[in-house]
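Breakdown of the fold
If you want the building blocks of each chain, they are given just below.
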Amino acid sequence: MKKNTKLYETATALLEPGKGILAADESDATAGKRLDMVHLPNEPEHRRDFREILFTAPDIEKYVSGVIMYDSSIRNSTKDGMPFADVLTAKGIVPGIKVDLGVRDLEGFKGEVVTQGLDNLAERFAEYYDLGARFAKWRSVITIDEDETPTEQSLKINAIMLARYAQIAQAADIVPIVEPEVIHAGDHSLERAELVTTKALQILFQTLLEYRVDLSGLILKSSMVLAGDSYSDQTSPEEVAQATLRTFHMSVPHACAGIVFLSGGQSPERSTQNLNAIAKMGEQPWPITFSFSRAIEEPMLKAWGGKPENVQAAQEALVKTCEQNSLASLGKL
Ligand code: 13P
């Protein structure tokens, strides 16, 4: 297979030690939930303000290597008219784009879903590349329920979708982030989460290899392995670190460019502590860092409160959170 060095350069930039990726790729509907927290209506001007605060924060580039945007944000600009992708590029931050179109029911498999968005993906990537995107994200959703769920069938069909997306991304010189999110909500034990995550990742990487995806130009975005949020016995950072790394060692080939974490509804503090515990376990075959959304944005939203006079405080809170996660990714907290 012909090697694509552009992909490796992008992946290396995204995985620079001490930095992580900000997942600011909320759909417009989900951005509305963030705005709800600061009592603003979900209107384009407020969504722009929210995203502008994130992307223009002074010094965020010290801790953030890439930002994942949503379709409406990569097409949007600051109040002064500078395209958001250019704002990021000027800071040395790699612009990224979420390209999946969300999930639909997987008929015949109660409670399971499959991710949409492969139609016209090559054309969409060509346009996103022109808009400045150099990496992308596709999320599949895995829910842990009764003994049967997730089924092997749902893991397989979602893995094929992820592999097809990754092929098309790499052909467009765009680094694919593959995100099989194992949902934290539920009453499952740590052991069950570990079994399910290991199986999901084994099926995913086997499928990526079968479809000749170049793993050196691909990043895994994973859940941390932890007990469900309503399970009686909550998991300590050390337990999370051990279970998560055991899972990766059982399933992620060393060729994979790197691994980044979603926060999955854990509090900002817990997400950071768990990341720190994982980093403290020592060097691994892959660079490992954060790609949080809620765990990065929550402190910033609290400081902002939707008020123009708080924008500076919001940006300071944001950069502080990113700095803490940077330290955690190095095991230095
Ligand atoms: P959270 O960190 O809020 O889980 O979001 C990360 C993400 O990219 C979800 O797709």
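Residues numbered from 1 in each chain as written. Predicted model: local features only at pLDDT ≥ 70, side-chain atom pairs only at ≥ 80, totals over all residues. Heavy atoms only, no water.

1. Quick notes on the overall build of the protein
The condition is simple: Numbering of helices and strands runs from the N terminus; a helix is a DSSP stretch of H or I covering at least four residues, while a strand is a stretch of E covering at least two. Relative accessibility thresholds used throughout: buried, under 20% of the residue-type maximum; exposed, over 50%; partly exposed, between the two (1.4 Å probe, protein chains only). Only four residue types enter the tally: Lys and Arg on the positive side, Asp and Glu on the negative side; His and the chain ends are excluded. Here the site of a charge means NZ on Lys, CZ on Arg, CG on Asp, or CD on Glu.
Along its length, the protein carries 12 helices and 10 strands. In terms of its C-alpha atoms, the protein occupies a principal-axis envelope of roughly 50 × 45 × 40 Å. In the protein, which comprises 333 residues, the proportion classed as buried is 56%. The averaged location of the 47 negative side-chain charges in the protein is 3 Å from the averaged location of its 34 positive side-chain charges.

2. Some points on the pairing of strand β7 (residues 175–182)
The condition is simple: Any two strands between which DSSP finds at least two bridges are classified as paired. Consider the strands pointing away from the viewer: the crossover is right-handed when the path from the first strand over the helix to the second runs clockwise.
Counting buried residues in β7 gives 8 out of 8 residues, a clear majority hidden from the surface. Here β7 shows two buried faces, one formed by V175, I177, E179 and E181 and the other by P176, V178, P180 and V182. Here strand β6 (residues 135–142) pairs with β7 via 8 bridges, running parallel. Considered in β7, the bridge of V141 is made with E181. Considered for its hand, the β-α-β crossover made up of β6, helix α7 (residues 152–171) and β7 is right-handed. Bridge analysis of β7 against strand β8 (residues 219–222) gives 2 bridges, and the strand direction is parallel. Each bridged residue has a counterpart across the sheet, and for I177 the counterpart in β8 is I219. The parallel pair β7 and β8, bridged by helix α8 (residues 190–210), forms a crossover whose chirality is right-handed.

3. Some points on the pattern of salt bridges
Cut-off, in case you're wondering: We define a salt bridge as a contact between a side-chain nitrogen of Lys or Arg and a carboxyl oxygen of Asp or Glu at a distance within 4 Å.
Under the criterion given, the structure shown has 19 salt bridges. Of the charged contacts in the structure, one is a salt bridge between D173 and K6, with a shortest N-O distance of 3.1 Å. Taken together, the positions of D173 in the loop between α7 and β7 and K6 in helix α1 (residues 5–14) put the pair 167 residues apart, joining distant regions of the chain. Take K6: its relative accessible area is 42%, and that puts it in the partly exposed class. One connected set of salt bridges, linked through shared partners, spans D25, K137 and E179.

4. Some remarks on the site of the ligand
Filter applied, for reference: Put simply, a residue is near a molecule or strand once any heavy atom of it comes within 4 Å of that molecule or strand. Each polar contact in these results corresponds to two N or O atoms within 3.5 Å; when the atoms are within protein, one needs to be able to donate a hydrogen and the other to accept it, and residues that are neighboring in sequence are counted only if both atoms are side-chain atoms. Throughout, the Shrake-Rupley method with a 1.4 Å probe supplies accessible areas, and for residues the shown protein chains are the sole cover considered. In the scheme used here, Gly and all other residues not listed as nonpolar or charged are polar, with Ala, Val, Leu, Ile, Met, Phe, Trp, Tyr, Cys and Pro taken as nonpolar and Asp, Glu, Lys and Arg as charged.
Near the ligand the following residues occur: A23, K137, R139, E179, K221, L262, S263, G264, F292, S293 and R294. Residue K221 places a side-chain N or O atom 2.7 Å away from an oxygen atom belonging to the ligand. The separation between an oxygen atom of the ligand and a polar main-chain atom of S293 is 2.8 Å. If the ligand stood free it would expose 300 Å²; the protein chains cover 92% of that surface. Here the residues of the shell around the ligand are counted per class, giving 3 nonpolar, 3 polar and 5 charged.

5. So, helix α3 (residues 44–55)
Defined as follows: In this scheme, a helix's expected span is set at 1.5 Å multiplied by one less than its residue total.
Counted at 1.5 Å a residue, the expected span for α3 with its 12 residues is 16 Å, and the 16 Å between its end C-alpha atoms agrees. Of all 12 residues in α3, 9 are buried, a share of seventy percent or more. Looking only at α3, the buried set comprises H46, R47, D49, F50, R51, E52, I53, L54 and F55.

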